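# Coordinates in review
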Amino acid sequence: MLVPDPKAVRRLLTRYASLRIALAEQETPELARQLADVSYTLCVMTGTKDVRAAVAAADAFLEGSQKYAPQQPHRSGITAPGPGPVPGAVIPDRESLRQ
């Protein structure tokens, strides 16, 4: 599991807050783009899909809280078939695909 650098997380949170303030004072396309970039990076860094959850996870991480738990890949136990035909697979012909 990769753990983000606390300094990088702190910088992103600071940048996020600064951009939110700047955008509230004067809305420009450039500031909106920068905020979107920082929001996306926070989500990726914390393994979340929502910027609010990312900020909460980053705060918890910086506090050393156990609340921070990056998303783990889910293992279903299903393995992909090896090379060759898959037993029981039905391959449709071209005529049935056109219908």
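The preceding data block contains the structure.
The following paragraphs examine the structure supplied in this document.

The next subject is the overall build of the protein chain. Broken down by element type, the protein chain carries four helices and zero strands. Across the 99 residues that make up the protein chain, the buried fraction comes to 25%. For the protein chain, restricting intrachain contacts to residue pairs at least 6 apart in sequence, the fraction spanning at least 24 positions comes to 46%. Total accessible area on the protein chain stands at roughly 8,100 Å², and carbon and sulfur atoms take up 57% of it.

Before going further, it helps to spend a moment on the side chain of serine 39. Note on placement: serine 39 falls in helix α2 (residues 29-46). Each residue touching serine 39, except ones within four places of it in the same chain, is listed here: Tyr16 and Val51.

Next up on the list: the environment of glutamate 63. Tracing the chain through its elements places glutamate 63 in helix α3 (residues 51-63). Separated by 57 residues in the primary sequence, glutamate 63 and proline 6 have C-alpha atoms spaced 9.9 Å apart.

What follows covers the packing of α2 against α3. Following both chains from N to C, one finds α2 and α3 inclined at 55°, their axes separated by 9 Å at the closest point. Between α2 and α3, the angle falls in the class oblique. Where α2 crosses over α3, the handedness of that crossing is left-handed. Of α3, the residues touching α2 (which contributes Ser39, Leu42, Cys43 and Thr46) are Val51, Ala54, Val55, Ala57 and Ala58. Of the residues in the contact of α2 with α3, the class split is seven nonpolar, two polar and no charged.

Let us now look at the packing of helix α1 (residues 6-25) against α2. Where α1 contacts α2, the axes come no closer than 9 Å and their chain directions differ by 150°. Viewed along their axes, α1 and α2 adopt a mutual orientation that is roughly antiparallel. Viewed along their axes, α1 and α2 form a crossing whose handedness is left-handed. The segment α1 lies against α2, with Ala8, Val9, Leu12, Leu13, Arg15, Tyr16, Leu19, Arg20, Ala22 and Leu23 engaging Leu31, Ala32, Gln34, Leu35, Val38, Ser39, Thr41, Leu42 and Met45. Broken down by class, the residue content of the contact of α1 with α2 amounts to 14 nonpolar, three polar and two charged.

A few words on the side chain of glutamine 34. Locating glutamine 34 in the fold gives a position in helix α2. Given the relative accessible area of 19%, glutamine 34 is considered buried. Setting aside anything within four residues of it in sequence, one finds glutamine 34 in contact with Arg15 and Leu19.

So, how was this worked out
- Residues numbered from 1 in each chain as written.
- Predicted model: local features only at pLDDT ≥ 70, side-chain atom pairs only at ≥ 80, totals over all residues.
- Heavy atoms only, no water.
- Helix = DSSP H or I, 4+ residues; strand = E, 2+ residues; numbered from the N terminus.
- Buried < 20%, exposed > 50% of the residue type's maximum accessible area, 1.4 Å probe, protein only.
- Contact = heavy atoms within 4.5 Å.
- Areas by Shrake-Rupley, 256 points an atom, 1.4 Å probe, with all protein chains shown as cover.
- Axes fitted to C-alpha atoms, helices over the stretch in contact; angles between N-to-C directions.
- Parallel < 35°, antiparallel > 145°, perpendicular 65-115°, else oblique.
- Left-handed = near helix turned anticlockwise from the far one by under 90°.
- Nonpolar A, V, L, I, M, F, W, Y, C, P; charged D, E, K, R; others polar.

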